[in-house]
Amino acid sequence: MSGARLPCEPDVTMYDVQLLISKKDEMETQIKALYDLLQEQKGIGMDGPLVDREGYPRTDVDISQVRTARHNIICLQNDHKAIMKEIEVALHRLHAREKEKHEKDEAEAQAEVIQSHRELPDAFAKVDVVTPGSPASMSGLQVGDEIIAFGTVNTSNFQSLQNIAKVVQHSEGKPLSVSVIRNGKLVSLALTPLRWSGKGLLGCNIIPLKTSF
């Protein structure tokens, strides 16, 4: 057939598919025009006889024109089947490539999440209560924050909540550097233990995640 061919390389683009569809539409238009021509020839179609009852060539139709139209219809129909197959293959390749790209993007995103978690140390405690208006609340500490560093206390030296309590008692009025994991990301805060209208110097409740190291 004389229609457009797919490039040899596997990277099929939507433009390639559009070219094939355009060729297909053109063929369908040509086939319809030829069928209309046969209809004009006394509705002879593809199977009407070209001879009369006595076996002589019909004089009421243009036999040459009918034969040419029928031949062209057959050729175009064969080309149409071939280009439909090409379109099917092109769409399959296009969808397969899009699926592969989507899966690759998902895998890379997942790998980034895993890598970011690997780079962060394990948390040793978690915030389960933050009282509004408290020093902890004012510092930006939130419920669900996982603590990986609280002043001098970190994952490697934490043993119990008493470690945090001692740091807080000795740091009243002084800002403490606190690092937490929030939604998979590292967040650094400055928390200053202070006496306020509520209980304690922080106004939050912290629960341990690990009991021994």
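Parameters at a glance
- Residues numbered from 1 in each chain as written.
- Predicted model: local features only at pLDDT ≥ 70, side-chain atom pairs only at ≥ 80, totals over all residues.
- Heavy atoms only, no water.
- Helix = DSSP H or I, 4+ residues; strand = E, 2+ residues; numbered from the N terminus.
- Rg over C-alpha atoms; globule rule 2.2 N^0.38 Å.
- Buried < 20%, exposed > 50% of the residue type's maximum accessible area, 1.4 Å probe, protein only.
- Contact = heavy atoms within 4.5 Å.
- Areas by Shrake-Rupley, 256 points an atom, 1.4 Å probe, with all protein chains shown as cover.
- Domains from an automatic or database assignment.
- Phe/Tyr/Trp six-rings, centres within 6.5 Å; stacked < 30°, edge-to-face > 60°.
- pLDDT = per-residue confidence, 0-100.
- Polar contact = N/O pair within 3.5 Å; in protein donor to acceptor, adjacent residues only side chain to side chain.
- Salt bridge = Lys/Arg side-chain N within 4 Å of Asp/Glu carboxyl O.

**Student:** Is there a simple way to think about the overall build of the protein in this case?
**Tutor:** Counting secondary structure elements, the protein contains four helices and six strands. For the protein, the N- to C-terminal ordering of α and β elements is α-α-β-α-β-β-α-β-β-β. A globule of 213 residues ought to have a C-alpha radius of gyration of about 17 Å, yet the protein, at 39 Å, is considerably larger. In the protein, which comprises 213 residues, the share counted as buried stands at 32%. Pairs at least 24 residues apart make up 62% of the contacts formed inside the protein by residues separated by at least 6 positions. About 13,900 Å² of surface is accessible on the protein, with carbon and sulfur atoms providing 53% of the total.

**Student:** Is there a simple way to explain the domain arrangement of the protein in this structure?
**Tutor:** Often, the extent of an interface is quoted as the loss of accessible area on bringing the components together. Segmentation of the protein into domains returns domain 1 (14-117) and domain 2 (125-208). Between the C-alpha centres of domain 1 and domain 2 there is a distance of 70 Å.

**Student:** In this structure, what is going on with the environment of G203? I would like to understand it.
**Tutor:** Along the chain, G203 turns up in the loop between strand 5 (185-191) and strand 6 (204-208). The class of G203 is buried, set by a relative accessible area of 7%. Residues in contact with G203, not counting those within four places in the same chain, are V129, V130, T131, S134, A136 and W196.

**Student:** Whenever I open this one, the packing of aromatic side chains confuses me. Can you help?
**Tutor:** The relative placement of two aromatic rings is captured by the distance of their centres and the angle of their planes. Under the definition given, this model contains one aromatic pair. Seen from their ring centres, F124 and F158 are 4.5 Å apart, and the 25 degrees between their planes marks the pair as stacked. Linking F124 in the loop between helix 2 (63-119) and strand 1 (125-130) with F158 in the loop between strand 3 (153-154) and helix 4 (161-169), this pair joins segments that are 34 residues apart in sequence. Here F124 and F158 have matching classes, each one buried.

**Student:** Where do I start with the confidence of the model for the protein in this structure?
**Tutor:** When pLDDT drops low, the exact placement of atoms in the prediction is not to be read closely. Across the protein, the average pLDDT comes to 88, with 91% of residues at 70 or higher. Segment residues 1-8 is flagged for pLDDT under 50; beyond a separation of four residues in sequence, or across chains, it makes 18 contacts in the model.

**Student:** Looking at this model, I keep getting lost on the side chain of T155. Mind explaining?
**Tutor:** Structurally, T155 is set in the loop between strand 3 and helix 4. A distance of 2.6 Å separates a polar side-chain atom of T155 from the backbone oxygen of D122.

**Student:** Even after reading the chapter, I still don't get the pattern of salt bridges, so can you show me in this structure?
**Tutor:** If the charged atoms of two oppositely charged side chains come close together, the side chains can form a pair. By the definition in use, this model includes eight salt bridges. With its nearest N and O atoms 3.2 Å apart, the salt bridge here joins K24 to E28. With K24 and E28 both in helix 1 (residues 14-40) and four residues apart, the pair spans about one turn of that helix. Across the pair K85 and E88 runs a salt bridge whose closest N-O atoms are separated by 4.0 Å. Here the residue K85 and the residue E88 both occupy positions in helix 2, the gap between them amounting to three residues, near one helical turn. Taking relative accessible area as the criterion, E88 reaches 48% and is therefore assigned partly exposed.

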